[in-house]
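Summary of the model geometry
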Amino acid sequence: MKRFVIPLLLAGALAGCRDQASGGGGARAQIAAVGSSTVYPFTTIVAEQFVASSPDARAPVIESTGTGAGMKLFCAGVGADHPDMVGASRRMKAVEYRQCAANGARDLLEIQVGIDGIAFAEAKNGPKLALTPADIYRALAAAPGGKPNAARVWRDVNPALPAIPITVYGPPATSGTRDALAELILTRGCEAFDRRAHALAKSDPDAHKALCTRVREDGAYVDAGENDNLIVQKLQSNPQALGVFGYSYLEENARDVTGVAIDGVAPTYATIADNRYPGSRPLLVYVKKPHLNAIPGLRDFLKLYAAAWGPAGPLARRGLIAAPEAVRAKSAAIIASETPLDPAGLK
């Protein structure tokens, strides 16, 4: 797990403001954020700007926990013992909101900070694969077509592909990237390959999930944890393998890895921004509204985020794909008006 903090500024960081968020006597004078490994580098850039613009402020503590684990920490309660914000590489789930609400965190700001893509990547000296969602589904699903997956090489799933072992390094089940992989790629491939899948989605969602998104556990898919840079290293040591991570890591490591085209579309800034690439997804942060009054600088931190997420901003230079202008305007308005999320639209 990655953790961003400036040690010299951390001394005494837990002393300070009264815990107005929960009405208790706890105290915390610094911003605390958890969540997505994909959102993590962007939030750390904003944290660096925050410290530079507010020299008397305590350095935020930003932890890369993965989206799912971050949501559990975020939703565990309100107050100094709980994070102020969580980064997410997918929307909050209805069940997560219910957990938040049960623990007193009902008023949440949902802010889209940009767009990302689920990138399949290979080493520069890799096999130069070109895949479809159906290829990926047949290679990675636990039971494609309802039968245990017996594919061992890529040619087993598509005669046009090379006879090299199926080895894919990817995120764990707690990751928002894994959720997006399931929703955007595996489900699409499942429904293209198996005619039953469309009907199951309505008649038996659990059966649909088992058929379409359960990933094989026989070694073809390798859980590489939340450290996306580790996947890049594994691709260099095993150039026949593929890796799955957010587009920003593909761009950051462009000298060592290259994107794999899906349905003939390579993952690039342009193809993800205009939704041509099949793995496009939103990146978000969720913030507890009561903490805006309790945690010094939290409002200013969000304003800095909004100022940084444009197409010419520092986050884009780090690999963030800017959301369309209308989406950015809506997110900025949510920050300005502190309008809470309506949970009715969550799934």
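Read on for a plain summary of the structure. The model shown is predicted, which means the values in this text are computed figures rather than measured ones.

**Here we look at the overall build of the chain**
The number of helices and strands found in the chain is 15 helices and twelve strands. In terms of C-alpha radius of gyration, the chain reaches 21 Å, essentially the compact-globule figure of 20 Å for 347 residues. In terms of principal-axis extent, the alpha carbons of the chain reach across some 65 × 45 × 35 Å. Residues classed as buried in the chain amount to 55% of the 347 residues present. Carbon and sulfur atoms make up 53% of the accessible area of the chain, which totals about 14600 Å². In the chain, the 38 positive side-chain charges and the 33 negative ones have mean positions that sit 2 Å from each other.

**As for the nonpolar core**
Among the nonpolar cores identified, the biggest contains 45 residues, and Phe 120 and Trp 154 are the most heavily contacted of them. If near-sequence neighbours (up to four positions away) are discounted, Phe 120 is found in contact with Ile 136, Val 168, Leu 181, Leu 242, Gly 243, Val 244, Thr 258, Gly 259, Val 260, Ile 262 and Tyr 277. Residues Phe 42, Leu 283, Ala 308 and Leu 320 belong to the second largest nonpolar core, which totals 31 residues.

**A closer look at the state of the cysteines**
Inspection of every chain in the model, using the stated rule, returns two disulfides. Two residues share a disulfide in this structure: Cys 75 and Cys 100, whose sulfurs sit 2.0 Å from each other. Because the torsion about its S-S bond is -75°, the bridge between Cys 75 and Cys 100 counts as left-handed. Placement of Cys 75 in the loop between helix 3 (67–74) and strand 4 (85–88) and of Cys 100 in helix 4 (residues 94–102) is noted, with a sequence separation of 25 residues between them.

**As for the pairing of strand 4**
Two faces make up the sheet, and in a regular strand the side chains alternate between them. Of the two faces of strand 4, both are covered, the one formed by Met 85 and Gly 87 as well as the one formed by Val 86 and Ala 88. When strand 2 (residues 32–35) meets strand 4, the two strands line up parallel, connected through three bridges. Looking at the pairing, Ala 33 lines up with Met 85 of strand 4.

**Here we look at the pattern of salt bridges**
This structure, assessed with the given rule, holds twelve salt bridges. We note a salt bridge from Glu 96 to Arg 90, for which the minimum N-O separation is 2.8 Å. The closest approach of N and O atoms between Arg 276 and Asp 274, which form a salt bridge, is 2.8 Å. For Asp 274, a relative accessible area of 42% gives the class partly exposed.

**Regarding helix 13 (residues 298–308)**
Taken together, the buried positions of helix 13 are Leu 298, Phe 301, Leu 302, Tyr 305 and Ala 308. Here the buried residues of helix 13 occupy an arc of 125° about the axis, which is enough to place them on one side. Every exposed residue of helix 13 that faces more than 90 degrees away from the buried side is listed here: Lys 303 and Ala 307.

**Concerning unusual backbone geometry**
For Lys 128, which is not glycine, the phi dihedral falls at a positive 60°. Relative to the assigned elements, Lys 128 resides in the loop between strand 5 (108–123) and strand 6 (130–131). Relative accessible area serves as the criterion here: at 53%, Lys 128 is assigned to the exposed category. With phi around 55°, Asp 263 is a residue other than glycine that occupies positive phi space. Relative to the helices and strands, Asp 263 resides in the loop between strand 11 (261–262) and helix 11 (269–273). Taking relative accessible area as the criterion, Asp 263 reaches 45% and is therefore assigned partly exposed.

Calculation criteria
- Residues numbered from 1 in each chain as written.
- Predicted model: local features only at pLDDT ≥ 70, side-chain atom pairs only at ≥ 80, totals over all residues.
- Heavy atoms only, no water.
- Helix = DSSP H or I, 4+ residues; strand = E, 2+ residues; numbered from the N terminus.
- Rg over C-alpha atoms; globule rule 2.2 N^0.38 Å.
- Buried < 20%, exposed > 50% of the residue type's maximum accessible area, 1.4 Å probe, protein only.
- Areas by Shrake-Rupley, 256 points an atom, 1.4 Å probe, with all protein chains shown as cover.
- Lys, Arg positive; Asp, Glu negative; His and termini not counted.
- Charge placed at Lys NZ, Arg CZ, Asp CG, Glu CD.
- Core = buried A, V, L, I, M, F, W, Y, C linked by side-chain atoms within 4.5 Å.
- Contact = heavy atoms within 4.5 Å.
- Disulfide = S-S within 2.5 Å.
- Pairing = 2+ DSSP bridges.
- Salt bridge = Lys/Arg side-chain N within 4 Å of Asp/Glu carboxyl O.
- Arc of directions from axis to C-beta.

These figures capture arrangement, not role.
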